[in-house]
Amino acid sequence: MVLPAYGPVLCLKWIDNKGLIFMASKQQKWLDLSAYNAKLTPIRLPSGAQVVMLGGALTNSQIEQLKNDLHYRPIAAARNAPALFTPAHTDPKTHKITGVDFNRYLKLFPKAAVTEQSLDDITALWAGYSETDINQLWLDIKSHRAQRLVNADVEKVGLNRKGEPVYRNGATRFIYSNNDLIVQRSKSSNPRFMQYSTHRQDDMLAAAQGFLHETMEGDYVDEKRIEKLLADMDNPVHPLSKEGMAATKHIVGLIRGLVIQDYNAAYDKADIDVERLRMLSEQFATLPHATRYGKQHGSFNPVVGPDFSYIARRFFEVSDNIKDLTLVNESSIGALSFIPNQYPIHLVGDTSNKLHQLLENQTAALQSTSVDLTRSTPLKGRHVIAVTNGGNLPSESTINGVRVTRRDHLEAMNILSAVGDDTQLLLAVEGDDPLRTGEVLDGSKALHEYIFANYHCHALAEMGGELIGSRTAAATKRIYAITGRRPIATTAPAPLTLEVIDTPEQSYAFATTLAEKAVDHGLTELSKSELQETTSISDLIAAHQSAVRQSSKFQINEFQHRYVPITNLVEPTNGTIPRAMLTAQREVAKKIMRDVGNPDQFFMSEMGLPIEHIEEAFDAEQIDAITQAIWRQKNGKSMTLGDTTGKGKGRVLAALLYWSIKNDQIPVFLTARNGLLTDIWRDVCETKLDNYFRPMFITSEDVKAYGSSDVLFDQKQQAQTVGKHFDAPRFDLAEVRKDCNVVFSTYSQINSLADTYKKRSYVVA
């Protein structure tokens, strides 16, 4: 047998070791993968077992499908392209290739073809391998690792918490990572080899992390997949046992908790548009559920998803001063996906899955208290998100005249009794029938009418379980957005048909309407001094959005609206803004507030000037511009100041020059003409910041007082200072600092023909 193009020594090695399989006929049908720059080759291992090798320019997606569908193993360490082996076509008894079903490959490689090929073509390796690659392939094929991994009894167990694939050969487990074979040495439980104990929280967390890796790689992880893992442990757990169902429920909860942890880290301050909400909602809906546990216990109480969290964010971001947030039951943890994590959080109720521990390092403060909510318990805080637990009650009861037969209704009544009269509450109970979403049926009519009559129901809706991937009643959530208790019960009839939310688009629209209603109702009315002092992001956003909405009702003309400043330090001016920029203005205000907190406190801290100085030197639009510029500078970004003539761009620049000096930098101001150097110095003086400046002017003219012939900075004296430093044999920044802390120049001076490179490099330095 001949291997073309690889040399006689290599050919002899393969022939002598019987590396290639001898075939009786000279022509056979074989798979042609040349359209994919790949090659399928039958080979014989030193043990005599026959396997199929596939090598070439394979994509990661193709490799993963080959692993999953045809049990390919990446044994060889070829440098130029992957080489994979499979025993899928090998008879486990004779260890011979009995036939290759090419149709399975054609599904993965539709442009491939089955053609008549010669023995030399069939047994040739992929032409892209170098001689070094082939020698390495042979060494790998002879290795103990190859014998183990291509064995027909090898089974993939799954992915561990690091995302490493774990394999099993009988009782032995091993990992193939970075071309290294790692074999389990000890028979004791080891999470890295997916040997878990249901009694250890960290093991259950590791299992959840592994399943999450599988989900991200496109594998379908459901309840049966989790049960199979439990059955494969050293001490197998039966899925129908009490321990098995509890462990499945625990892992399912942890998987969702890990996803919520990631969402919170990525999106707690980010803007969420409808496309992003749809993407995250669809991701969340693919996560597994613990249906067996739910059937056994009457309800599973799944964690709410991104859609609910977005509604919660919009409801609370325009609320009254938020000092902390209370979550009721672990199923409400999902609401934290998009909630800003600067709020101290208190979790009460069911905390059995310990999901809050996943978020403790990301939030300002998170405390938990296990409470039996079937009994009346006082709840602290004026802002509460409550997702009640469903399930059966041993007996019915009556609370405040309401007949209660369901656990979620009992918890809801106790929560309503426990909160204060002015508490803002987002309450979710189970729906009545997943096939009749939005309908209030007889079993919950008493509770529904009680809530509507006695509490300010800002909005009502019912979310379908499909949003979290379940069609059970427990996954269907009836939402009450409550802004306080009514002093006198209303006699208006409660609506028995509610708005239905079945898609992320509907969630987004409902949340947007919810926020707009809150602004229109004026939930936040703080004075100017209160807005300067508050640290509540929700207060600041609510006040600004309310002002923008009010202002947007009164456009100046077809193209302009009044500008609504972010600052509350000074009175607003009569500035205008293009109509098309209203939304952008509102969004940038929210971004700044979520990032730095109170913008006025941020501004005053960065400037370090007394309020009397600020009030005298700057108007509201200028303060906004300075705030945004400093914010972007601290985030490593630039800013374009595009105000029209006369709006005070020079004052803004003077303030930014001062801020740079204050932060021990030497700012450089460049402009087109010498006369504009006079203008900027006038702005420095009029803002009363000149006492902080020790300027160096690189100019061909005297710098004079604005509108006067009085010379402020003599050109010759400035030239001497410039020459002292720029013409020195060695540029010494420390010496420059002794003479100046800011540089003013024209472009022409920096770009002049004389010493161009030297001047420019020094200024940049």
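Scroll up to find the structure.
Residues numbered from 1 in each chain as written. Predicted model: local features only at pLDDT ≥ 70, side-chain atom pairs only at ≥ 80, totals over all residues. Heavy atoms only, no water.

Draft legend 1. Quick look at the overall build of the chain. When its secondary structure is counted, the chain shows 27 helices and 26 strands. Counting contacts in the chain only where the partners sit at least 6 residues apart, residues at least 24 apart contribute 68% of the total. Accessible surface for the chain amounts to roughly 34700 Å². Of this, 49% is attributable to carbon and sulfur atoms. (Helix = DSSP H or I, 4+ residues; strand = E, 2+ residues; numbered from the N terminus. Contact = heavy atoms within 4.5 Å. Areas by Shrake-Rupley, 256 points an atom, 1.4 Å probe, with all protein chains shown as cover.)

Draft legend 2. Summary view of the pairing of strand S26 (residues 742–746). Of all 5 residues in S26, 5 are buried; the element is thus mostly enclosed. The side-chain alternation of S26 yields two buried faces, one formed by Val-742, Phe-744 and Thr-746 and the other by Val-743 and Ser-745. By the bridge criterion, 4 bridges tie strand S22 (residues 668–671) to S26 in an arrangement that is parallel. Along S26, the bridge assignment pairs Phe-669 with Phe-744. Pairing between strand S23 (residues 695–698) and S26: 4 bridges, direction parallel. Each residue of the ladder has a partner; that of Ile-698, found in S26, is Ser-745. (Buried < 20%, exposed > 50% of the residue type's maximum accessible area, 1.4 Å probe, protein only. Pairing = 2+ DSSP bridges.)

Draft legend 3. Spotlight on the pattern of salt bridges. Here the structure, examined in full by the defined rule, presents 29 salt bridges. A salt bridge links Glu-64 to Lys-67, with the nearest nitrogen and oxygen atoms 3.4 Å apart. You can see Glu-64 and its partner Lys-67 sitting in helix H2 (residues 60–70), 3 residues apart, about one turn around the helix. Since its relative accessible area comes to 17%, Lys-67 is described here as buried. Here Arg-382 ties to Asp-422 by a salt bridge, and the two come within 3.0 Å at their closest N and O atoms. A residue pair is termed long-range when its members are at least 10 positions apart, and Arg-382 in the loop between strand S12 (365–370) and strand S13 (383–387) and Asp-422 in the loop between helix H13 (407–418) and strand S16 (424–430) qualify at 40 residues. (Salt bridge = Lys/Arg side-chain N within 4 Å of Asp/Glu carboxyl O.)

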